[in-house]
Amino acid sequence: MTYGNLDLEGICASRPIPDAGLEQFLMTSKSVRHQASYLHNRLRTDLFMMGDDDHVSLPVAAAAPERRVLVIEIDERVLDSIDTWRRKLNLRNLILVHADLRTYDEPMHKWPAFYGNPPWSSKNAGHGLRYW
């Protein structure tokens, strides 16, 4: 999986401080790389992502410009951060929507695949997953 001019360490370092109240527990840049590689290799189709505080959408979109990646995120800070990188990397296939999935009206069945990453949080022995 190639990322071109993608600075994954820089992207991860620039993510907003996680908000545990929104179930945000950030992965390391190494884990983001592995997760993006897994998604890229296993799902060769458009992808709907339920939140993306980890910014996995950026390497996934960068690796396959023909794949549309939709991120629906409730945290505007996360969207602003992803959007900054999206513009910097000229990722035209990455779609960002500010919404709460519990009240989002658009039908998700139009997307052939979805990704929701429950927060395991290896840094705190899985507290994120129990919380989620």
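Residues numbered from 1 in each chain as written. Predicted model: local features only at pLDDT ≥ 70, side-chain atom pairs only at ≥ 80, totals over all residues. Heavy atoms only, no water.

Visitor: How do you make sense of the environment of Trp-111 when you look at a structure like this?
Guide: Note that Trp-111 resides in the loop between strand 3 (94-98) and strand 4 (114-115). Taking relative accessible area as the criterion, Trp-111 reaches 14% and is therefore assigned buried. Remark: the alpha-carbon pair of Trp-111 and Leu-47, spanning 64 residues in sequence, is separated by 6.5 Å. Once you skip the residues sitting within four places of it in the chain, Trp-111 turns out to touch Asp-46, Leu-47, Phe-48, Arg-68, Leu-70 and Ile-95. (Helix = DSSP H or I, 4+ residues; strand = E, 2+ residues; numbered from the N terminus. Buried < 20%, exposed > 50% of the residue type's maximum accessible area, 1.4 Å probe, protein only. Contact = heavy atoms within 4.5 Å.)

Visitor: How should I be thinking about the packing of aromatic side chains in this particular structure?
Guide: Two aromatic rings, taken as a pair, are described by how far apart their centres are and by the angle between their planes. Here the structure, examined in full by the defined rule, presents zero aromatic pairs. Stacked on the ring of Trp-85, the Lys or Arg Lys-88 has its end atom at 4.3 Å from the ring centre. (Phe/Tyr/Trp six-rings, centres within 6.5 Å; stacked < 30°, edge-to-face > 60°. Lys NZ or Arg CZ within 6 Å of the ring centre and 35° of its normal.)

Visitor: What is the right way to look at the sheet that holds strand 3 in this model?
Guide: Hydrogen bonding along the main chain pairs the strands of a sheet, whether they run parallel or antiparallel. One open sheet accounts for four strands, arranged 3-2-1-4; its pairing is parallel. Looking at which strands have only one partner, the edges of the open sheet turn out to be strand 3 and strand 4. When strand 1 (residues 47-50) meets strand 4, the two strands line up parallel, connected through two bridges. Each residue of the ladder has a partner; that of Phe-48, found in strand 4, is Phe-114. Most of the contacts of helix 4 (residues 76-89) go to strand 3, to which it runs at about 160 degrees, and overall it touches strand 2 (69-73) and strand 3. (Pairing = 2+ DSSP bridges. Axes fitted to C-alpha atoms, helices over the stretch in contact; angles between N-to-C directions.)

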